[in-house]
Amino acid sequence: MSGRVVVIGDALIDELRDDAGVREFVGGAALNVAVGLSRLGVPASLIAMVGDDAAGEQIRAYLAEYDVELFASPSEHGSSRAVSTRSAGGEPEYVFNDAAQNRRVHYGDAERAALADAAMVVVSCFPFDDAEQTDALVDAVASASASLAIDPNPRAGMLHDRDEFVRGFEKAAARAQLVKVGEDDAQLLYGGPLEDLREKLTGLGVDAVLATYGAGGAAIDAGGMTLSRGIADLPGPIVDTMGGGDAMLSTTVALVRGGLPEDEASWGFVLDRAMEVAAATCRSEGALLRIPE
């Protein structure tokens, strides 16, 4: 087994529209995590759907720039695109194209070999409301000995069946060592508070639950312990929250891929560092992970 982490999920073009105009960034939650891991010094691979089009070339070039290995699933609809505008509170609101709403992930021999050799597998922004794809994911991950981390990262604009998404997510989460969830996830999927979802995931047997509360900080439930932290106080204003959660997940995975911490002090170090990296990331536009100085 190598130290490489394999990330499964989405890759897309983020088209950001606000008062300053229109800008494009290569993004996607899974892609952000893979690139973030690479920036943290962890070898990373990404399994995601990427089209054979100009946007796909842009995505491939970006991943090559950050030394992320890509296993591209074919796409009949081209590459995914998310058009985001900023709400009054500063949070992004998304509209997704046909490719993003119909994304599929393929597991061939190369993908399965990468999974078998991985130190950890991370799943983010996966179409859990597609039962066939969920079954294929569970099968592909089950054939590997790597530990599993999941961030459901549901998007209202890509959610076709909430009940099916919940079933698929919980089916995969029951096999996971680490699950990251946020307040928006709990509300969109369960219509309830994040505290209830944390308790549910612990009950499913998840070893560690990383819960994010935006400006309210974050918490980890693991081994009968619960640790909470407020947002890290770094110089400069918050510019863009888009990549904060992905930066937290990248940092956490980078620190626990060799095995979960067993005591409160070690978990505290993980949570503190993840909060610092997230805070640094939110001080620049775009979702690229930033390492605090």
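Described below are features of the structure shown in this document.

### A short note on the side chain of Glu15
Logical step 1: With respect to the helices and strands, the residue Glu15 is situated in strand E2 (residues 12–18).
Logical step 2: Within the local environment of Glu15, its side chain forms a polar contact with the side chain of Arg17, the two groups lying 2.6 Å apart.
Logical step 3: In terms of polar contacts, Glu15 uses its side chain to reach the side chain of Arg81, at 2.9 Å.
Logical step 4: Excluding its chain neighbours within four sequence positions, the residues that come into contact with Glu15 are Val22, Arg23, Glu24, Arg81, Ala82, Val83 and Ser84.

### With respect to the sheet that holds strand E9 (residues 147–151)
Logical step 1: Read across the sheet, 9 strands follow the order E5-E4-E1-E8-E9-E10-E11-E12-E13 without closing on themselves; strand pairing throughout is mixed. Two strands bound the open sheet, and with one partner strand each, they are strand E5 (69–73) and strand E13 (225–229). On average, adjacent strands in this sheet sit at an angle of 15° to one another, irrespective of strand direction.
Logical step 2: Relative to strand E11 (residues 208–212), strand E10 (residues 178–182) runs parallel, the two being bridged by 5 bridges. Bridging across to E11, Leu178 finds its partner in Ala208.

### Regarding a negative patch on the surface
Logical step 1: Among the surface-exposed residues, Glu183, Asp184, Glu195, Asp196 and Glu199 lie close enough to one another that they form a single negatively charged patch.
Logical step 2: Within the residue set of the negative patch, elements represented by two or more residues are helix H7 (183–190) and helix H8 (194–203).
Logical step 3: Of all the elements, H8 adds the most residues to the negative patch, at 3 residues.
Logical step 4: Tracing the backbone shows Asp196 in helix H8.

### Here we look at the environment of Leu40
Logical step 1: Residue placement: Leu40 occurs in the loop between helix H1 (29–39) and strand E4 (44–49).
Logical step 2: Separated by 249 residues in sequence, Leu40 and Leu289 place their C-alpha atoms 8.7 Å apart.
Logical step 3: Leave out the neighbours within four places in its chain, and Leu40 touches Ser250, Thr251, Ala254, Leu289 and Ile291.

### Notes on the pattern of salt bridges
As a working rule, side chains carrying opposite charge can pair if their charged atoms are close by.
Logical step 1: Scanning the entire structure with this criterion turns up 16 salt bridges.
Logical step 2: With a closest N to O distance of 3.8 Å, Arg4 and Glu69 form a salt bridge. Placement of the pair is Arg4 in the segment before strand E1 (5–9) and Glu69 in strand E5, with a sequence separation of 65 residues.
Logical step 3: Classification of Glu69 by relative accessible area gives partly exposed; the value is 36%.
Logical step 4: One salt bridge connects Lys180 with Asp151, and the closest N-O pair in it is separated by 3.2 Å. Of this pair, Lys180 sits in strand E10 while Asp151 is found in strand E9, placing the two residues 29 residues apart along the sequence. Comparing Lys180 with Asp151, the two get one shared label, buried.

### Regarding the nonpolar core
Logical step 1: Within the largest apolar cluster, 48 residues are counted, with the highest numbers of intra-cluster contacts made by Val7, Leu31, Leu37, Leu46, Leu178, Val253 and Trp267.
Logical step 2: It is helix H10 (residues 264–281) that provides the largest number of residues to this core, a total of 7 residues.
Logical step 3: Every residue in contact with Leu37, bar those within four places of it in the chain, is listed here: Val5, Val7, Val42, Ala44, Ser250, Val253 and Ala254.

Rules used in this analysis
- Residues numbered from 1 in each chain as written.
- Predicted model: local features only at pLDDT ≥ 70, side-chain atom pairs only at ≥ 80, totals over all residues.
- Heavy atoms only, no water.
- Helix = DSSP H or I, 4+ residues; strand = E, 2+ residues; numbered from the N terminus.
- Polar contact = N/O pair within 3.5 Å; in protein donor to acceptor, adjacent residues only side chain to side chain.
- Contact = heavy atoms within 4.5 Å.
- Pairing = 2+ DSSP bridges.
- Axes fitted to C-alpha atoms, helices over the stretch in contact; angles between N-to-C directions.
- Patch = residues over 30% accessible without salt bridge, like charges linked within 9 Å, V, L, I, M, F, W, Y side chains within 5 Å.
- Areas by Shrake-Rupley, 256 points an atom, 1.4 Å probe, with all protein chains shown as cover.
- Salt bridge = Lys/Arg side-chain N within 4 Å of Asp/Glu carboxyl O.
- Lys, Arg positive; Asp, Glu negative; His and termini not counted.
- Charge placed at Lys NZ, Arg CZ, Asp CG, Glu CD.
- Buried < 20%, exposed > 50% of the residue type's maximum accessible area, 1.4 Å probe, protein only.
- Core = buried A, V, L, I, M, F, W, Y, C linked by side-chain atoms within 4.5 Å.

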